[in-house]
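# Report on the structure
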Amino acid sequence: MADMRAFQDAVTSRATGGPDGPARDLAESLAARTAVLLEGLSDLAAIVALAARRGRDLAAGGVCVVPMGGAMSVGRYAGLLGPTGLGLRDRTL
């Protein structure tokens, strides 16, 4: 979970103008394939709790769950994580 938190922080930093390298490196080390974009932290907590209740390890499955800090950020995050960015498949909830 610590690596996933580091990835979330790196993506947020990149989305607000920070460097690309840390997010890219962490995506590779996590073997990330899919990004689930969520509006905020309460959505993140709900998804993490649901996954735990169902015995799912999202990170082990290559799923990165990323809170965007508001729905208006979806374009920025989709561009950062999607085909023109880190190359992850994105799923907006």
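Bear in mind the structure is a predicted one, so any value in this text is a computation, not a measurement.

## With respect to the overall build of the chain
When its secondary structure is counted, the chain shows 4 helices and 3 strands. The N-to-C order of helical and strand elements in the chain reads α-α-β-α-β-α-β. At 12 Å, the chain has a C-alpha radius of gyration in line with the 12 Å of a compact globule built from 93 residues. When its C-alpha atoms are laid out on the principal axes, the chain stretches across 35 × 30 × 20 Å. Across the 93 residues in the chain, those meeting the buried criterion constitute 39%. Intrachain contacts of the chain at a sequence separation of at least 6 include 72% that bridge at least 24 residues. When the accessible surface of the chain is summed, it comes to about 5,200 Å², and 56% of that surface belongs to carbon and sulfur atoms. With 10 positive and 9 negative side-chain charges, the chain shows a separation of 7 Å between the mean positions of the two kinds.

## Let's talk about the side chain of Gln8
Inspection of the secondary structure assignment puts Gln8 in helix α1 (residues 2-15). We classify Gln8 as buried; its relative accessible area is 4%. Looking at Gln8, its side chain comes within polar contact range of the main-chain oxygen of Val65, at 2.6 Å. Once residues within four sequence positions are removed from consideration, Gln8 is found in contact with Leu44, Val65 and Pro67.

## Structural notes on helix α4 (residues 74-81)
Among all positions in α4, only Tyr77, Leu80 and Leu81 are buried. One side of α4 carries all its buried residues, which in axial view fall inside an arc of 85°.

## Description of the confidence of the model for the chain
In this model, the chain carries a mean pLDDT of 86, and residues with pLDDT of at least 70 account for 94%. Averaged over each element, pLDDT in the chain is lowest for strand β3 (residues 89-92) (58) and highest for helix α3 (residues 41-53) (95).

## Regarding the pairing of strand β2 (residues 63-67)
Side-chain direction in a regular strand flips from residue to residue, so the side chains alternate between the two faces of the sheet. β2 sits mainly inside the fold: 5 of its 5 residues count as buried. By the bridge criterion, 5 bridges tie strand β1 (residues 34-38) to β2 in an arrangement that is parallel. Along β2, the bridge assignment pairs Val36 with Val65. Handedness of the crossover is the feature at issue here: the chain leaves β1, passes through α3, returns alongside β2, and the resulting connection is right-handed.

The rules we used
- Residues numbered from 1 in each chain as written.
- Predicted model: local features only at pLDDT ≥ 70, side-chain atom pairs only at ≥ 80, totals over all residues.
- Heavy atoms only, no water.
- Helix = DSSP H or I, 4+ residues; strand = E, 2+ residues; numbered from the N terminus.
- Rg over C-alpha atoms; globule rule 2.2 N^0.38 Å.
- Buried < 20%, exposed > 50% of the residue type's maximum accessible area, 1.4 Å probe, protein only.
- Contact = heavy atoms within 4.5 Å.
- Areas by Shrake-Rupley, 256 points an atom, 1.4 Å probe, with all protein chains shown as cover.
- Lys, Arg positive; Asp, Glu negative; His and termini not counted.
- Charge placed at Lys NZ, Arg CZ, Asp CG, Glu CD.
- Polar contact = N/O pair within 3.5 Å; in protein donor to acceptor, adjacent residues only side chain to side chain.
- Arc of directions from axis to C-beta.
- pLDDT = per-residue confidence, 0-100.
- Pairing = 2+ DSSP bridges.
- Right-handed = clockwise from strand over helix to strand, strands pointing away.

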